[in-house]
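Each chain, written out:
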Amino acid sequence: MTDIASSYRRGVPLPQAYRLLNHGPTVLVSAAHGGRRNVMAAAWAMPLDFDPPKVTVVIDKNTFTRTLIEASGSFALSVPCRVLADATYAAGSLSGAERSDKFADCGLAHFTAQRIEAPLIEGCVAWLECRVIAGPHEHHHQQAYDLFVAEVLAAQADERVFADGRWRADSPPELRTLHHQGGGAFFVAGETVQAKKPAA
Ligand SMILES: Cc1cc2nc3c(=O)[nH]c(=O)nc-3n(C[C@H](O)[C@H](O)[C@H](O)COP(=O)(O)O)c2cc1C
């Protein structure tokens, strides 16, 4: 598939990758295994460490995406923006378990990742390629809390929205990230307020 925004995509140095999730955006989680691929929405994703960067995401046992993550040991997080609000809600409402192409059903296109099999989602503004950490403690957290811990292997962002390690205050409104309130209602990222450095 053609990626219309590929000319704006830039690699993000791994020590800066945590910043892509630092402000709590809703993400699209994608995974692939054995010729199947899928995507779902997740609001419960966050950074866990700086370098090497790690993330956590809650993936319910009933999701088809989780089946593919457990089989492949990897997943991608793509950060959608305002223009993808309907598609993100669709990805969080439909299941790919019995669909031949959930991406198309949700109006989502995808492109090839650099380090993992899972596809990345076109039209998003940041992308993190993640390998699940599969130790006994992590396995317990997966079973008990649906909590996946993963290392970030590669990160990219749209330079119109994220540059020099920061989300830009002057990004176009349609490219701003989504923050789920519930029931398909999202806040859209907006004003940046730079707090004054406290006196030492
Ligand atoms: C905005 C939004 C955020 C969501 N966040 C999460 C989440 O953090 N974790 C989760 O397990 N499910 C979450 N869901 C629900 C899944 O996306 C949903 O169960 C999805 O249909 C699973 O798709 P699948 O079976 O094709 O993998 C969310 C849904 C929406 C609409």
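Residues numbered from 1 in each chain as written. Predicted model: local features only at pLDDT ≥ 70, side-chain atom pairs only at ≥ 80, totals over all residues.

**Section: the pairing of strand S6 (residues 74-79)**
Definition in use: Burial is judged by counting other C-beta atoms within 10 Å of a residue's own C-beta: 20 or more means buried, 12 or fewer means exposed, and anything between counts as partly exposed, with every C-beta placed from the backbone. Strands are runs of DSSP state E lasting at least 2 residues, helices are runs of H or I lasting at least 4, and numbering of each runs from the N terminus. When DSSP finds at least two bridges between two strands, those strands are taken to pair.
Counted residue by residue, S6 has six buried out of six residues, so it is predominantly covered. Examined bridge by bridge, strand S2 (residues 27-33) and S6 share three bridges and lie antiparallel to one another. Opposite Ser30, over in S6, you have Ala76 as the bridge partner. With six bridges connecting them, S6 and strand S9 (residues 126-132) associate as antiparallel partners. Paired with Ser78 across the bridge in S9 is Trp127.

**Focus: the nonpolar core**
The line we're drawing: Only buried residues count toward a nonpolar core: Ala, Val, Leu, Ile, Met, Phe, Trp, Tyr and Cys, linked into one set through C-beta atoms within 7 Å. By definition, residue pairs are in contact when their C-beta atoms, positioned from the backbone, come within 7 Å.
Residues Leu20, Val29, Ala76, Leu77 and Leu128 are the most contacted members of the largest nonpolar core, which totals 55 residues. Examining the composition of this core, we find that six residues originate from one element, strand S10 (residues 147-158), more than from any other. Those residues within four positions of Ala76 in sequence are excluded, and the remaining contacts are Ser30, Ala113, Ile116, Ala118, Leu120, Trp127, Leu128, Glu129 and Cys130.

**Brief notes about unusual backbone geometry**
That bond from Asp51 to Pro52 is cis: its omega, 0 degrees, falls within 30 degrees of zero. Within the secondary structure, Pro52 is located in the loop between strand S4 (45-49) and strand S5 (54-58). Backbone geometry at Asp146 places phi at a positive 60 degrees, although glycine is not the residue there. Topologically, Asp146 is positioned in the loop between helix H4 (136-145) and S10. Of note, the phi angle at Asp164 is positive, near 55 degrees, even though the residue is not glycine.

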